[in-house]
Amino acid sequence: MTDCVVFLERYSDYRDCRMNPADHAAMRAHVADCEDCRHHDEAVVRGVDLLRQGEIEPSAGELDMAALRARAREGGDDNGDEPWRPGPAAA
Ligand SMILES: [Zn+2]
């Protein structure tokens, strides 16, 4: 039986289907059995789905910071005269 450490070590290969069918089946069996790893898997799948739906704009190497900065600018500007202005990263 695949254990959690092995599962997480090999998870990206599993996600990308870069393992042989027997190993892949063992990984699937572990997800079915192990609640912690199932939650991890579901969280990753949700993240990938968001990317595919275009809800998060991928931007080389700083995906999360770019999205957070964009959101902070849109929602956190309370001086009132300029609702939104592109920063240096967007220029
Ligand atoms: Zn596990």
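Conventions we followed
- Residues numbered from 1 in each chain as written.
- Predicted model: local features only at pLDDT ≥ 70, side-chain atom pairs only at ≥ 80, totals over all residues.
- Helix = DSSP H or I, 4+ residues; strand = E, 2+ residues; numbered from the N terminus.
- Buried ≥ 20, exposed ≤ 12 C-beta atoms within 10 Å, placed from the backbone.
- Contact = placed C-beta atoms within 7 Å.
- Axes fitted to C-alpha atoms, helices over the stretch in contact; angles between N-to-C directions.
- Parallel < 35°, antiparallel > 145°, perpendicular 65-115°, else oblique.
- Left-handed = near helix turned anticlockwise from the far one by under 90°.
- Nonpolar A, V, L, I, M, F, W, Y, C, P; charged D, E, K, R; others polar.
- pLDDT = per-residue confidence, 0-100.

S.K.: Pulling in residues and values, what's your account of the overall build of the chain?
M.R.: When helices and strands are counted, the chain shows four helices and zero strands. Start at the N end of the chain and walk to the C end: the helices and strands fall as α-α-α-α. Across the 91 residues that make up the chain, the buried fraction comes to 5%. Long-range contacts, defined here as pairs at least 24 residues apart, represent 27% of the contacts in the chain between residues at least 6 apart.

S.K.: Could you give an account of unusual backbone geometry, naming the residues involved and the relevant values?
M.R.: Despite not being glycine, Cys17 shows a phi value in the positive range, around 55°. Here Cys17 shows up in the loop between helix H1 (4-15) and helix H2 (21-33).

S.K.: Before we move on, can you summarise the packing of H1 against H2 with the specific residues and values?
M.R.: Each pair of packed helices can be summarised by the angle the axes make with each other and by the distance between the axes. H2 packs onto H1 with a crossing angle of 120° between their chain directions and a minimal axis gap of 11 Å. When the axis of H1 is compared with that of H2, the two are oblique. Here H1 runs over H2; the crossing is left-handed. Taking contact as the criterion, the partners of Phe7, Arg10 and Tyr14 in H1 are, on H2, His24, Met27 and His30. Its residues assigned to classes, the contact of H1 with H2 shows three nonpolar, two polar and one charged.

S.K.: Help me get a handle on the environment of Arg73, residues and values and all.
M.R.: Looking at the element boundaries, Arg73 is found in helix H4 (residues 63-75). By C-beta crowding, Arg73 is classed as partly exposed, having 16 other C-beta atoms within 10 Å.

S.K.: Account for the confidence of the model for the chain, with residues named and values stated.
M.R.: Across the chain, pLDDT averages 80, with 67% of residues at or above 70. The weakest mean pLDDT in the chain belongs to H4 at 70; the strongest belongs to H2 at 95.

S.K.: Describe the environment of Met19, with residues and values.
M.R.: Tracing the chain through its elements places Met19 in the loop between H1 and H2. Sequence-distant contacts of Met19, that is, excluding residues within four places in its chain, are made with Arg10, Asp13, Tyr14 and His24.

S.K.: Quick rundown of the environment of Val45? Include the residues and the values.
M.R.: Relative to the assigned elements, Val45 resides in helix H3 (residues 35-53). Taking the C-beta count within 10 Å as the criterion, Val45 has 11 such neighbours and is therefore assigned exposed.

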